Amino acid sequence: MNGGTAQSAAAAAAMPPHRRLPDFLQSVNLKYVKLGYHYLITHLLTLMLLPLMAVILLEAGRTDPNDLRQLWLHLQYNLVFVLVLSAVLVFGATVYVLTRPRPVYLVDFACYKPPAHLQVRFEEFMRHSKLCGFSEDALEFQRKILERSGLSEETYVPEAMHAIPPQPTMANARAEAETVMFGALDNLFKATGVKPKDVGVLVVNCSLFNPTPSLSAMIVNKYKLRGNIRSFNLGGMGCSAGVIAIDLARDMLQVHRNTYAVVVSTENITQNWYFGNRKSMLIPNCLFRVGGAAVLLSNRGADRRRAKYSLKHVVRTHKGADDKAFNCVYQEQDGEGKTGVSLSKDLMAIAGGALKTNITTLGPLVLPVSEQLLFFATLVVKKLFNAKVKPYIPDFKLAFEHFCIHAGGRAVIDELEKNLQLSPAHVEASRMTLHRFGNTSSSSIWYELAYMEAKGRVRRGHRIWQIAFGSGFKCNSAVWHALRNVKPSPNSPWDDCIDRYPVELVDGFPIHKAQQ
């Protein structure tokens, strides 16, 4: 494919100026060539079977009825063979039905929207930081990060961080966790009509706040969940833990029949604000904001009619065996004994490596055969002929209609947009979620899906790719299939502002500010 492209370009260059096609027409031609190739490979089996079926029908039309009668008599004399064949077919069908994975449906989900008084404007953020005793150098660094972050001035920090001085107490951290989790769960139970007592599996993930009793126990106590509930509390797993929680819930639903699973994904800021001056540990202060999501999953066949999505694949990649990857997002104390999360300069390179491994596993599960053939062909050419051929990047736009890229920061979104060759429209939900709500950690992929629903873009049959990165270092993917034209959930976090989006950004600023 690359060789053909080079020859086309050389031929175009050799043409007289008056006969050359304009550049945009050449790109259009290449686009249609690729679409034609994709269509041909996708429907190759059908195109090959059509002549075969035509021949079979013609031969069947010429068959003498006496020949059919002889065939029937032959089968009667070989009754044992027919019975054995039938038994094998029935046994095989039974084994297939009993061993195939049970479908897992996403009935609905809810994202927590904090009250307006918790919004933090940049001026207020800097004023509070100054009162907290940060050095002038650290203050200037934070100001630059805020301005280039892509965050708006409508994001939220917890109540304890609005106080002067801040009050990062255990009680306030518990209050933040309860407010976020219970707020999302109240909306979820109200929207779905499911009673808390019907929930058989509960999975909660929060990386940095793990009190005793656990967050999952707090939910069991609040909603008086049943005594035999399978509850799990995932801690220290970073921003990709939401996909891990979905994977765990899916596994539990394969074992326990006819039940619901609730996944709660959140992060806690109150006790995890950094008050030192090390720049690598100041970045989370500028990016992380209050947020959380609750997701209702079901393996009940009756729920398919009302469910929004079915879960198709979960692919998890863990690079923790590599020391650089393990240390690139690391909670520690600085020289003054102040605790924070340090981000390595190698973070984006490590994330790129984890992404490559993840999509290498995911690709064969979701990509059309045409893309897999191109990828395999370039790999063979590179290995066998030691050619300097660039690795072929599969076109994931042929596999997915929607992309939910973890809103970890502008650099993360920019990198994936570039590496996966996505258009601005494909990363719109991620950029707008970062702008409106900031980095809400593991729940950001749900705010992004809520954005797409609020825009009315998710139609029956669409495929959604949720991809997130987290400490460890991990890259995790979840693939969903829309079962119907999806409407936004009640009390969507975008209800009061979706008409204002998308906001056009330049270097992290809204376009009207960039022009001033």
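Note that the structure is a prediction, hence the values are computed from the model and not measured.

Draft legend 1. The arrangement of the environment of Glu 448 in detail. Assignment of secondary structure puts Glu 448 in helix 18 (residues 444-454). Between the C-alpha atom of Glu 448 and that of Val 427, which follows or precedes it by 21 residues, the distance is 9.6 Å. Residues contacting Glu 448, with those up to four places away along its chain left out, are Cys 404, Ile 405, His 406, Ala 407, Ala 429, Ser 430 and Thr 433. Within the structure, Glu 448 has its side chain in polar contact with the backbone nitrogen of Ile 405 (distance 3.1 Å). Within the structure, Glu 448 has its side chain in polar contact with the backbone nitrogen of Ala 407 (distance 3.3 Å).

Draft legend 2. A look at the packing of aromatic side chains. Under the defined criterion, the tally for this structure stands at 17 aromatic pairs. Ring geometry for Phe 437 versus Trp 494: centroids 5.2 Å apart, planes at 85°, classification edge-to-face. Remark: Trp 494 occurs in the loop between strand 11 (474-482) and strand 12 (505-506) and Phe 437 occurs in helix 17 (residues 428-437); sequence separation between them is 57 residues. Accessibility classification places Phe 437 together with Trp 494 in one group, the buried group. A connected cluster of aromatic rings, assembled from ring pairs, spans Tyr 156, Phe 437, Tyr 447, Tyr 451, Trp 494 and Tyr 501. Over the aromatic face of Phe 437 sits the side chain of Arg 436, whose NZ or CZ is 4.7 Å from the ring centroid.

Draft legend 3. Quick look at the side chain of Thr 259. Structurally, Thr 259 can be placed in the loop between helix 11 (241-255) and strand 4 (260-266). Taking the relative accessible area as the measure of exposure, Thr 259 reaches 5% and is therefore buried. Not counting residues within four places of it along the chain, the set of residues in contact with Thr 259 comprises Asp 198, Gly 200, Arg 226, Leu 253, Leu 297, Ser 298, Asn 299 and Arg 300.

Cut-offs applied
- Residues numbered from 1 in each chain as written.
- Predicted model: local features only at pLDDT ≥ 70, side-chain atom pairs only at ≥ 80, totals over all residues.
- Heavy atoms only, no water.
- Helix = DSSP H or I, 4+ residues; strand = E, 2+ residues; numbered from the N terminus.
- Contact = heavy atoms within 4.5 Å.
- Polar contact = N/O pair within 3.5 Å; in protein donor to acceptor, adjacent residues only side chain to side chain.
- Phe/Tyr/Trp six-rings, centres within 6.5 Å; stacked < 30°, edge-to-face > 60°.
- Buried < 20%, exposed > 50% of the residue type's maximum accessible area, 1.4 Å probe, protein only.
- Lys NZ or Arg CZ within 6 Å of the ring centre and 35° of its normal.

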